[in-house]
Amino acid sequence: VLGAARAVRHIITGFSLSRLVAAPLVLILLYYIAPGLRPASDLTQLVALVSSAMPCAQILVMLLNKLGMPSSASELVFLFIFQYSMSIFTTGAVVVVALEMVYG
């Protein structure tokens, strides 16, 4: 597994960082740049900010399996393993930042 991960580490890094870091950063920037786009409710703002930092759903894996593409599904699951592992740190950080932004 480690050898396979090393071979595609750039893909793993890009896949994980785009969802767990870039997406929340874009939403946080929009929060400050365009305050008119914010939802009216503080709770809705918090949910939007926090959900932007959540790892991808695995519905695509089930769909690929259903369509008879198990090799593609297993490759995607391989990426999800690393994304979910990294999300332990990034999601916690975004929750703290979001709470400060909305209720701070």
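Residues numbered from 1 in each chain as written. Predicted model: local features only at pLDDT ≥ 70, side-chain atom pairs only at ≥ 80, totals over all residues. Heavy atoms only, no water.

> So what exactly am I meant to see when it comes to helix H2 (residues 9–33) here?
Because each turn of an α-helix spans 3.6 residues, side chains separated by three or four positions in sequence point in the same direction. Taking 1.5 Å as the rise per residue, H2 with 25 residues should run 36 Å; its terminal C-alpha atoms sit 34 Å apart, in good agreement. Of all the bends found along H2, the most pronounced is centred on Ser 18 and spans about 40°. Listing the buried residues of H2 in full gives Ile 12, Ser 16, Leu 20, Pro 24, Ile 28 and Tyr 31. In this structure, the buried side of H2 is in contact with helix H1 (2–7), helix H3 (42–51) and helix H5 (70–103). (Helix = DSSP H or I, 4+ residues; strand = E, 2+ residues; numbered from the N terminus. Expected span 1.5 Å × (residues − 1). Bend = angle between axes of the 7 residues up to and from the residue. Buried < 20%, exposed > 50% of the residue type's maximum accessible area, 1.4 Å probe, protein only. Contact = heavy atoms within 4.5 Å.)

> I'm lost on the packing of aromatic side chains in this one. Help?
Two numbers describe a pair of aromatic rings. These are the distance of the centres and the angle of the planes. Counted by the stated rule, this structure contains 4 aromatic pairs. Taking 5.8 Å as the distance between ring centres and 50° as the angle between the ring planes, the aromatic pair formed by Phe 15 and Phe 80 counts as tilted. Of this pair, Phe 15 sits in helix H2 while Phe 80 sits in helix H5, and the two are 65 residues apart along the sequence. Where Phe 80 meets Tyr 84, the ring centres are 6.4 Å apart and the plane angle is 90°; that geometry is what we call edge-to-face. (Phe/Tyr/Trp six-rings, centres within 6.5 Å; stacked < 30°, edge-to-face > 60°.)

> Help me understand the side chain of Gln 45 in this model?
The topology assignment puts Gln 45 in helix H3. Contacts of Gln 45, omitting those with residues within four sequence positions, involve Tyr 31, Arg 38, Pro 39, Ala 40 and Val 102.

> Before we go on, may I ask you to explain the packing of H3 against H5 in this structure?
To characterise two packed helices, one gives the angle between the axes of the helices and the distance between these axes. Closest axis-to-axis distance for the H3/H5 pair is 9 Å, and the angle between their directions is 155°. When the interaxial angle is binned, H3 and H5 end up roughly antiparallel. In this structure, H3 crosses over H5, and the sense of that crossing is right-handed. Counted together, Asp 42, Leu 43, Gln 45, Leu 46, Leu 49 and Val 50 of H3 and Val 94, Val 95, Ala 98, Leu 99, Met 101, Val 102 and Tyr 103 of H5 form the full contact between these two elements. (Axes fitted to C-alpha atoms, helices over the stretch in contact; angles between N-to-C directions. Parallel < 35°, antiparallel > 145°, perpendicular 65-115°, else oblique. Left-handed = near helix turned anticlockwise from the far one by under 90°.)

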